[in-house]
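# Tertiary structure, described
Next come the chains, spelled out residue by residue.
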Amino acid sequence: MQTNDTMNDGCKVTKRSLDETVEPFSSNGAVQERPDVVSDEPEVKKMLMNCKTEERNPLPSYDCASSSCDQNAKDKSDCEYFKAYGELDIHRDMLADDIRTFAYRRAILSNYDKFYRKVVLDLGCGTGILSMFCVQAGARKVYAVDASDIAEQARAVIKSNRMEEHIVVLQGRIEDIVLPEKVDVIVSEWMGYMLLYEAMLPSVIYARDKWLNKGGYLFPERGHIYMAPLSDPDTYEDKVLFWESLKDHYKVDMSAVIPFAKKKLMERVVVQSVHQDSLMAAANRVFDINLYTITAEDLLSMEGHFHFECFGRNTIHAFVLWFTVEFPGHIVLSTSPYTDETHWQQTVLYLERFDVSEETVVHGLLKINPSTINPRYIDINLRYDVHGRTITRLYLMNDYI
């Protein structure tokens, strides 16, 4: 059994290792001139003229005040989602995450043979940084697709980096856009909290099936979700035992609130950073996603089993989950508590606390499915057995956008 997810054979990304990458572009970061660029290819020029939907046939904007967003829950959730990603702060947070951004940079540049003279789709391009990494790796053409209004900022950034001849920004959902050609590589930063929150993966699957050439590549190509029992007395004291402590402080007994405080703590999913020393058993890999083979139907109901043998005497307050994704070349981006912190942090499911000793067994089943209220939200069904008891809980992951 693995002691943690860092035991994978893949190459872990660190900021130091990224600076050692041999990059197929000039020392000042400018793209080197090549005889095969699009500006010298009339046929591709013609296709690009047909592809510039933002100039000729604008796609519908995603304005939450628009009546089209009231058609059904999917339309409304898309509307809210794209509106959130039209704001700059969320992109600042992602770009400030060195672990995330450098992982993509290294994955793209160290696999330059897969990008050189190739056509790339950057799905959910945001401010366009991954598209520019692809050009630096030698991509002939990049179609940068984003349905939010941040696409306008991507155009400005790309132009200021003199890459507009290589990158075409298209604003709209990938399900609504018609590209002029199929692509050799799909790059996408689709991961949400606990990997699957925000439900962008179905769009990647759609793009894969519709636009990826046979034998093409996906960046990333695999995803894994890990799980471990967690001891977190500080949170329990702050959220639950606080109400008991008020009697000594104010001479008024507020302990009647404790059952409600427990209920509120245990019905919500909490996104926070946890320390590796708080993990009370070796992590289990509960989900393994192969992006080349997974279908949208598979995502409607996912199940993973877990079996833990606890390290020693302690109290378990929660289960903690995190994810990794793998790129071609065994490059791994990890959100594990055993590695440097990312903006995804970890995902915590609080429980009715229970005591364990060395080799106490905790086992069960974790189910994940899209929320019926909003398909970009997640419902998490947990069943676990400990000390001869079977406990089931439902957690709603529904308000982190």
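So, a few notes on the structure that sits alongside this text. The residue count restarts for each chain, going from 1 along the sequence in the order it is written. Only residues with pLDDT of at least 70 are given local features in this predicted model, and only at 80 or more are side-chain atom pairs given and counted; all residues enter the totals for whole chains, interfaces and linings. Heavy atoms throughout the structure, all of them, feed into the side-chain values; hydrogens and water do not.

## As for the overall build of the chain
- Working definition: helices are DSSP H or I runs of at least four residues, strands are E runs of at least two. Numbering for both runs from the N terminus. The helix and strand tally for the chain stands at 10 helices and 16 strands.
- Throughout, exposure labels follow a simple rule: accessible area from a 1.4 Å probe, protein chains only, divided by the maximum for the residue type, with under 20% read as buried, over 50% as exposed, and the rest as partly exposed. Per-residue burial for the chain yields a buried fraction of 51% across its 401 residues.
- Throughout, the Shrake-Rupley method with a 1.4 Å probe supplies accessible areas, and for residues the shown protein chains are the sole cover considered. Total accessible area on the chain is roughly 19,100 Å²; 48% of this is exposed by carbon and sulfur atoms.

## A closer look at the sheet that holds strand 5 (residues 183–188)
- The pairing criterion is simple: DSSP has to find at least two bridges between the two strands. Spatially, the 5 strands line up as an open sheet ordered 4-3-2-5-6, and their pairing is parallel. The two strands at the open ends of the sheet, each matched to only one other strand, are strand 4 (167–171) and strand 6 (212–219). Each strand of the sheet is rotated relative to its neighbour by a mean of 20°, with strand direction disregarded.
- Note that strand 2 (residues 119–123) and strand 3 (residues 141–146) share 5 bridges and pair parallel. When the sheet's bridge partners are listed, leucine 121 is paired in strand 3 with tyrosine 143.
- Relative to strand 3, helix 6 (residues 129–136) is tilted by about 175°, and along the sheet it contacts strand 2, strand 3, strand 4 and strand 5.
- Relative to strand 4, helix 7 (residues 151–160) is tilted by about 170°, and along the sheet it contacts strand 3 and strand 4. Note on definitions: angles span 0 to 180 degrees between N-to-C directions of axes, and those axes are lines fitted to C-alpha atoms, for helices only across the stretch in contact. Any two residues having at least one pair of non-hydrogen atoms within 4.5 Å are treated as being in contact.

## Considerations on the nonpolar core
- Residues Leu121, Val187, Leu196, Leu366 and Tyr384 are the most contacted members of the largest nonpolar core, which totals 95 residues.
- The residues touching leucine 196, leaving out its near neighbours within four places in the chain, are Leu201, Ile225, Ile289, Leu299, Met302, Ile368 and Ile378.
- To form a nonpolar core, buried Ala, Val, Leu, Ile, Met, Phe, Trp, Tyr and Cys residues must be joined to one another through side-chain atoms within 4.5 Å. In this structure, Tyr226, Ala228, Ile258 and Trp322 belong to the second largest nonpolar core, which totals 16 residues.

## Comments concerning the pattern of salt bridges
- The salt bridge definition used is simple: a Lys or Arg side-chain nitrogen within 4 Å of an Asp or Glu carboxyl oxygen. Per the counting criterion, the structure on display carries 11 salt bridges.
- Via salt bridges that share partners, Lys263, Lys264 and Glu267 belong to a single interconnected network.

## What to know about the side chain of histidine 224
- Tracing the backbone through its elements, the reader meets histidine 224 in strand 7 (residues 222–230).
- Under the relative-accessibility criterion, histidine 224 is labelled buried at 1%.
- In this structure the side chain of histidine 224 is engaged in a polar contact, spanning 3.1 Å, whose partner is the side chain of aspartate 288.
- Within polar-contact distance, the side chain of histidine 224 engages the side chain of glutamate 326 at 2.8 Å.
- When residues no more than four places from it in sequence are discounted, the contact partners of histidine 224 are Leu195, Arg285, Phe287, Asp288, Trp322, Phe323, Thr324 and Glu326. Throughout this description, a polar contact denotes any pair of N or O atoms lying within 3.5 Å of each other; where both atoms belong to protein, one of them has to be capable of donating a hydrogen while the other can accept it, and for residues adjacent in sequence the pair is counted only when both atoms sit in side chains.

## Things to note about the side chain of aspartate 122
- Mapped onto the fold, aspartate 122 is located in strand 2.
- Summary of buried charges: aspartate 122 has no salt-bridge partner, and the nearest side chain of opposite charge, arginine 100, is 8.3 Å away.
- In this structure the side chain of aspartate 122 is engaged in a polar contact, spanning 2.6 Å, whose partner is the side chain of serine 131.
- Beyond its immediate chain neighbours, meaning those up to four positions away, aspartate 122 contacts Leu130, Ser131, Val142, Tyr143, Ala144, Val145 and Val187. Counting rule for charge: Lys and Arg are taken as positive, Asp and Glu as negative, and neither His nor the chain ends is counted.

## Thoughts on the sheet that holds strand 14 (residues 361–370)
- The strand order across the open sheet formed by 4 strands is 10-14-15-16, and the pairing between neighbours is antiparallel. Strand pairing shows two members of the sheet lacking a second neighbour, strand 10 (302–309) and strand 16 (389–397), which therefore form its edges. Across the sheet, the axes of successive neighbouring strands diverge by a mean angle of 15°, strand direction being ignored.

## A closer look at the pairing of strand 12 (residues 331–334)
- The alternating pattern of strand 12 places Ile331 and Leu333 on one face and Val332 and Ser334 on the opposite face, and all of these are buried.
- By the bridge criterion, 4 bridges tie strand 11 (residues 314–327) to strand 12 in an arrangement that is antiparallel. Across the sheet, the residue bridging to valine 325 is leucine 333, located in strand 12.
- With antiparallel pairing between neighbouring strands as the criterion, strand 11 and strand 12 make up a hairpin whose turn holds 3 residues, including glycine 329 at a positive phi of roughly 90°.

## A closer look at the packing of helix 9 (residues 233–250) against helix 10 (residues 258–267)
- At a closest axis distance of 8 Å, the pairing of helix 9 and helix 10 adopts a crossing angle of 160°. Between helix 9 and helix 10, the interaxial angle falls into the category roughly antiparallel. Judged by the sense of rotation from one axis to the other, the crossing of helix 9 with helix 10 is right-handed. Contacts from Thr235, Tyr236, Lys239, Val240, Trp243 and Glu244 in helix 9 reach Ile258, Ala261, Lys262 and Leu265 in helix 10.
- Note on residue categories: nonpolar means Ala, Val, Leu, Ile, Met, Phe, Trp, Tyr, Cys or Pro, charged means Asp, Glu, Lys or Arg, and polar means any other residue, Gly included. Considered class by class, the residues forming the contact of helix 9 with helix 10 number 6 nonpolar, 1 polar and 3 charged. Roughly parallel refers to an angle under 35 degrees, roughly antiparallel to one over 145, roughly perpendicular to one between 65 and 115, and oblique to any angle outside these ranges. Each crossing gets its hand from how the near helix is turned against the far one by less than a right angle, where anticlockwise is left-handed and clockwise is right-handed.

## What about the packing of aromatic side chains?
- Think of it this way: a Phe, Tyr or Trp ring, Trp meaning its six-membered ring, pairs with another when their centres are within 6.5 Å, and the plane angle makes it stacked under 30 degrees, edge-to-face over 60, tilted otherwise. In total, this model carries 14 aromatic pairs according to the counting rule given.
- Between phenylalanine 115 and phenylalanine 219 the ring centres are 5.0 Å apart and the planes differ by 65°, which places this aromatic pair in the edge-to-face class. One end of the pair, phenylalanine 115, is in the loop between helix 5 (98–110) and strand 2; the other, phenylalanine 219, is in strand 6, with 104 residues separating them in the sequence.
- Each ring, one from phenylalanine 323 and one from tryptophan 344, has its centre 5.3 Å from the other, and the planes form 75°; the classification is edge-to-face. Of this pair, phenylalanine 323 sits in strand 11 while tryptophan 344 sits in the loop between strand 12 and strand 13 (346–356), and the two are 21 residues apart along the sequence.
- Phenylalanine 323 sits in the buried class, given a relative accessible area of 1%.
- Two limits define a charge over a ring: the Lys NZ or Arg CZ must be within 6 Å of the ring centre, and within 35 degrees of the ring normal. Over the face of the ring belonging to tryptophan 211 we find lysine 210, whose NZ or CZ atom lies 5.7 Å from the ring centre.

Such coordinate-based values are descriptive only and should not be taken to indicate function.
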